[in-house]
Amino acid sequence: MPRTITFPFTYSLLMAGLEVCDIECQAVVSFEAHDDYEIEAITVSAWSKAQAKHVPVPLADDFIFAAQIKAQAEDEAPSAISEYRGSADDVWSSALERAQIAADRREGAA
């Protein structure tokens, strides 16, 4: 069964080799294995004049930097999946350790 995670990343816009601004993004990725994943959605943070704050907006295909942002999401997805799996493994190991401690205590009390 596929899992879905959301991970943040930053696309740095370069002009003449200089970083001129950062575009904060998020990608939603579904995966079954480290190398078997699909990017389902990408949002970018855009300034809303009406709300006077940054709001997430779906990445439009006609946005001038869409291809570069999509490529960066593809590049960063395997690392995000690995990080998620590592933290999930830590949670599982911790739960097993707590269960073992509880079992040892029950045995000691008996």
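Residues numbered from 1 in each chain as written. Predicted model: local features only at pLDDT ≥ 70, side-chain atom pairs only at ≥ 80, totals over all residues. Heavy atoms only, no water.

Draft legend 1. How the structure looks around the side chain of Ser48. Of note, Ser48 is situated in strand β3 (residues 36-48). A relative accessible area of 13% places Ser48 in the buried class. Side-chain polar atoms of Ser48 contact the backbone nitrogen of Gln51, separated by 3.0 Å. Ignoring anything within four residues of it in the chain, the contact list for Ser48 reads Lys53 and Val55. (Helix = DSSP H or I, 4+ residues; strand = E, 2+ residues; numbered from the N terminus. Buried < 20%, exposed > 50% of the residue type's maximum accessible area, 1.4 Å probe, protein only. Polar contact = N/O pair within 3.5 Å; in protein donor to acceptor, adjacent residues only side chain to side chain. Contact = heavy atoms within 4.5 Å.)

Draft legend 2. Here's a closer look at the confidence of the model for the chain. Considering every residue of the chain, the mean pLDDT works out to 83; 86% of them sit at 70 or more. Of all the helices and strands in the chain, helix α1 (residues 66-109) carries the lowest mean pLDDT, 77, while β3 carries the highest, 90. (pLDDT = per-residue confidence, 0-100.)

Draft legend 3. Focus on the pairing of β3. Two strands pair when backbone bridges link them, and strand β2 (residues 18-33) and β3 are joined in this way by eight bridges, in the antiparallel orientation. Across the sheet, residue Ser30 finds its bridge partner in β3, namely Glu38. With six bridges joining them, β3 and strand β4 (residues 53-58) adopt antiparallel strand pairing. Bridge assignment links Val44 to a residue of β4, and that residue is Val57. Hairpin connection, β3 to β4: the antiparallel pair is bridged by four residues, and Ala52 has positive phi, about 55°. (Pairing = 2+ DSSP bridges.)

Draft legend 4. Inspection of a nonpolar patch on the surface at higher detail. On the surface, a cluster of nonpolar side chains totalling about 310 Å² of accessible area is made up of Met15, Leu18 and Val20. Mapped onto the secondary structure, Met15 falls in strand β1 (residues 3-15). (Patch = residues over 30% accessible without salt bridge, like charges linked within 9 Å, V, L, I, M, F, W, Y side chains within 5 Å. Areas by Shrake-Rupley, 256 points an atom, 1.4 Å probe, with all protein chains shown as cover. Salt bridge = Lys/Arg side-chain N within 4 Å of Asp/Glu carboxyl O.)

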